[in-house]
Amino acid sequence: MKLISLYEVDASMIELVGGKAAGLGEMIKAGERVPGGFCVTVEAYRSGELPERELIEAYERLGGGRVAVRSSATAEDLPEASFAGQQDTYLNVEGAAELAAAVRRCWDSLFTERAVAYRAAAGVGDTAMAVVVQRMVDPVVAGVMFTANPVTGCRAETVVDAAPGLGTAIVDGTVVPDHHVLRDGTPAAPDPGGCLDGEQLEELRAAGARLEEHFGAPQDVEWAIDGEGTLWLLQSRPITTLFPAPPETGDTRLYLELGHMQGMLRPCTPMGFSLLKTCAGLWFEAAGARVDRRDPMPRLVMIGGRLFFDVTDFLRSKAVRRRLGDALEVYGPRVQGAVLAMLDDPRFAPRPGLPFRTGSLLRGAVRMLPGGVAGLVSSLARPAPARARAYRGVAEIRRLITPPGESATAAERLRWVIEDSHRPIMSVDMHGILWPLTAGMLAGTLPAALLKGVASDAELDTVLGGMPHNVTTEMDLELWGLAVRAREHRELFLGTPPEDLAARYLAGDLPDIGMAEFLREYGVRAAAEIDVGMPRWDEDPAPLFATIANYLRVEDPSQAPDVRFEEAAARAERMIGTLSRRARRRRPVRGRLAVFLMRRSRELTGLRELGKFAWLPVLRAARRQLLLAGADLAGRGLLEEPGDIMFLSLGEARAAARDGADQRALVARRRAEYDRELRRRTVPGALLSDGTDVEALAPAPRAEDGVLTGMSGAAGRATGRARVIHDPAGAHVEPGEILVAPTTDPGWTPLFLTAAGLVTETGSPVAHGPTVAREYGIPAVICVRHATSEIETGQLITIDGAAGTVRVEPE
């Protein structure tokens, strides 16, 4: 079929007629007023020959005259990619010859430079082109309508832009349109002298609501009103840029994103989220809290694949709400300010009561306080034995992991993952790890309060540089040692793709540089390592080989990571001496206490990474059992492959093993959603239940030209070429470049060893990235909104870690 009337088209025919035509056909079937027309199908495009006779006959049946000729690619107007403006449209086409030429030009537009680049960025592969031909509407006014606010994400607002004449002027950005934001439940208020009156605005809003209900998602709608006042709908497609809305609760809720605290903005797999909730519930039970096993952490919610925490009850609590400011500092000034502004929102009016059960809190305190006080005191008094206890705790956790044997069924493996896998870390003090770790964090942070007005933030950051006993730093330096051993095979490691090196290593066909020993200790790690769905380095060491190649580019001995680390440690010791003399002179009592804590921080603060590192072998063991269970389910035809189990929850996987439920369709849908979210560049730090990005409501900060403002992550200044990286896998940073990233976790930190500085879009001063940056002695600026889009690789930038600014230098 090479031509088809739009009245015969529906959404099931997208591979034949493309996205735009499928949307138009659905609107017609829904009873909306759409200009009549037909579609030249993909079959005609694939044949390479235009069916001119059929085209002219269809044109004549339409009545001839002026028509619009519009591209309708098979990858167009989709939920994950709109392709807005990427292919061509021709208006006021008249006559058979002109029509045929316009159809051919639409075909050709599939391969323009901008369309090819857009498909590549959207991860779209093979596509084909259909073409829509419709009667022209002579509009008095036309425009675009979004049934959700595309800037803030608010689903309770409809946004209408209107201008006289054709709506293409709005789409092309060549006119300043009338702009209307219509709030649900509030009558439309037209602008005096504007293009639209109140009745027309209400008609548009009602049409938008119908389309959103029909298509099941917020819509981007093109419309026109003719000289008789008739509204015509010209296109409806999903708004592709919206962050997914939170689950419906019937109440206004506020959610804070948690992933960036772990340096994780990529989506979490459904299995990763399910296991996190299960693990957290077990730990709170061990600490004395009452937990509902059906939903162990009801305030932990997955939205768009990211981890969000529902803070509504804290915001509404009279006793807690005014104390939120300090707790929100870790989110950066914009998110902090936007959330605090919600305190004045009547939807979050204060209520009596606490946001948690006091009984659970008291039981937890009774269980933890006596041992906690003793553990903190003994750790500060004798740090070396405390460290030894913590390391023994890590070894004990590994020893206690006892997974099922080879003959176990899928059901038995899943039962072990759910009920037993996390028992090794369920002691209240995690086998002696918790109190030395906590003592180190206190020793690292309390001197700032004790030396306020005596020491600057930059000086206190220097004290934390070159921090020993940090498992992540030790890992990075061990990896540098592998690079040193790889120098005699420099051409091999620099000239071979990391994926090929990984394959050769796993096949035993690579020179021995010590990788096996490294993976025995650190193979449990990965980027986004708190997600059990992510492959560990011992499964896929390709990122490690990319980092080794990165290190082999370091030619200046003074820039060697071990040298830089030792220099940072020496600066820290000198600074403690300087501050000791200054503080004892100006504040004798506080000064002595601050110096004591700074000395103890050098022995204990590096342990801050140890708690999570101790947990990672548990996650790896759970992952292995899940993959074995997935292999069993795949063998029974319930999954396509073992890894598909990571796109189920624990309950769904257990039900499949028990009842034989075919989960392939569910997995395919979730994989598509996951892949779509992987391409998302920004994630809201705070989100309302109506989809509003709270940070988008905050006024834009005043900034001078060429300067981006964030917050201090690690003090110091550096100037260098920017290296913008969205994923650490396979990435490299040339010595002296400044790493610009959405966020960072321990899987990113090997890149720090050659970087001159760090800029991230999210984060907190206590998150992995800034902490490791301080320890390496490199400056870091965090919470720089849209840094990865505002800064381009190769630009010369200067970062000031103390001021929290990034300047793009003129060249």
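**Q** Is there a simple way to think about the nonpolar core in this case?
**A** One recurring pattern in soluble globular proteins is that nonpolar side chains are buried together. Core analysis: the largest hydrophobic core is formed by 104 residues, its most contacted members being Phe 493, Phe 518, Ile 548, Leu 626, Ile 645 and Leu 739. Sorting elements by how many residues they give to this core places helix α24 (residues 610–635) first, with 13 residues. If sequence neighbours within four positions are ignored, Ile 645 has contacts with Met 271, Leu 414, Leu 626, Ala 629, Gly 630, Leu 633, Leu 639 and Ala 653. Residues Ile 28, Leu 50, Leu 110 and Met 145 belong to the second largest nonpolar core, which totals 58 residues.

**Q** Sorry, what's going on with the packing of helix α17 (residues 471–485) against helix α22 (residues 561–586) here?
**A** When two helices pack together, their arrangement is given by the angle between the helix axes and by the axis-to-axis distance. The geometry of α17 relative to α22 is characterised by a closest axis approach of 9 Å and an angle of 145° between their N-to-C directions. For the pair α17 and α22, contact is made by Thr 473, Leu 477 and Trp 480 and by Pro 561, Asp 562 and Phe 565, respectively. A class-by-class count of the residues in the contact of α17 with α22 yields four nonpolar, one polar and one charged.

**Q** How should I be thinking about the pattern of salt bridges in this particular structure?
**A** Oppositely charged side chains can pair when the atoms bearing their charge come close. Summed over the entire model, instances satisfying the criterion amount to 49 salt bridges. In this structure, Asp 420 engages Arg 415 in a salt bridge whose closest nitrogen and oxygen atoms are separated by 2.8 Å. Across the salt bridge formed by Glu 529 and Lys 612, the nearest N and O atoms sit 2.8 Å from each other. On the criterion of sequence distance, the pair formed by Glu 529 in the loop between α20 (515–522) and α21 (542–552) and Lys 612 in helix α24 is long-range, its members being 83 residues apart. Taking the relative accessible area as the measure of exposure, Glu 529 reaches 1% and is therefore buried.

**Q** I tried to follow the packing of helix α3 (residues 52–61) against helix α4 (residues 96–108) on my own but got confused; where do I start?
**A** Relative orientation of the contacting elements α3 and α4 amounts to 115°, with a least axis distance of 10 Å. Crossing of α3 against α4: the hand is right-handed. Between α3 and α4, the residues in contact are Glu 52, Leu 55, Ile 56 and Tyr 59 and Ala 96, Leu 99, Ala 100, Val 103 and Arg 104, respectively.

**Q** Is there a simple way to explain the sheet that holds strand β19 (residues 757–760) in this structure?
**A** Remark on secondary structure: sheet strands pair via backbone hydrogen bonds, oriented parallel or antiparallel. If you walk across this open sheet you meet the eight strands as β15-β22-β21-β17-β18-β19-β20-β16, and the pairing is mixed. Each of the sheet's edge strands pairs with one partner strand only, and the pair in question is β15 (707–709) and β16 (711–714). The mean angle between the axes of side-by-side strands here comes to 30°, regardless of whether they run parallel or antiparallel. The sheet contact formed by β16 and strand β20 (residues 780–782) spans three bridges and is antiparallel. Residue pairing in the sheet places Ala 714 in a bridge with Ala 780 of β20.

**Q** Help me understand the side chain of Arg 608, please; the structure alone is not making it clear to me.
**A** Here Arg 608 is to be found in the loop between α23 (588–604) and α24. By relative accessible area, Arg 608 is classed as buried at 19%. A polar side-chain atom of Arg 608 sits 2.8 Å from a polar atom in the side chain of Glu 609.

**Q** I'm lost on the confidence of the model for the protein in this one. Help?
**A** Fine structural detail should not be taken from predicted coordinates in areas where pLDDT scores are low. Predicted confidence across the protein gives a mean pLDDT of 89, with 95% of residues reaching 70 or more. Scored below 50 in pLDDT, residues 80–85 shows 20 contacts in the model against residues more than four places distant or in partner chains.

**Q** I keep staring at the sheet that holds strand β10 (residues 231–238) and nothing clicks. Help me out?
**A** Taken together, the five strands give an open sheet; going across it, the order is β8-β7-β6-β9-β10, and neighbouring strands pair in antiparallel fashion. The open sheet is flanked by β8 (178–183) and β10, the only strands paired with a single partner. Taking the axes of each pair of neighbouring strands and ignoring which way they run, one obtains an average angle of 20° across the sheet. As judged from the seven bridges shared by strand β6 (residues 139–146) and strand β9 (residues 219–226), these two strands associate in the antiparallel manner. By the bridge assignment for β9, Met 145 is matched with Val 221. Relative to β10, helix α7 (residues 198–215) is tilted by about 40°, and along the sheet it contacts β6, β7 (157–164), β8, β9 and β10.

Criteria and cut-off values
- Residues numbered from 1 in each chain as written.
- Predicted model: local features only at pLDDT ≥ 70, side-chain atom pairs only at ≥ 80, totals over all residues.
- Heavy atoms only, no water.
- Core = buried A, V, L, I, M, F, W, Y, C linked by side-chain atoms within 4.5 Å.
- Buried < 20%, exposed > 50% of the residue type's maximum accessible area, 1.4 Å probe, protein only.
- Helix = DSSP H or I, 4+ residues; strand = E, 2+ residues; numbered from the N terminus.
- Contact = heavy atoms within 4.5 Å.
- Axes fitted to C-alpha atoms, helices over the stretch in contact; angles between N-to-C directions.
- Nonpolar A, V, L, I, M, F, W, Y, C, P; charged D, E, K, R; others polar.
- Salt bridge = Lys/Arg side-chain N within 4 Å of Asp/Glu carboxyl O.
- Left-handed = near helix turned anticlockwise from the far one by under 90°.
- Pairing = 2+ DSSP bridges.
- Polar contact = N/O pair within 3.5 Å; in protein donor to acceptor, adjacent residues only side chain to side chain.
- pLDDT = per-residue confidence, 0-100.

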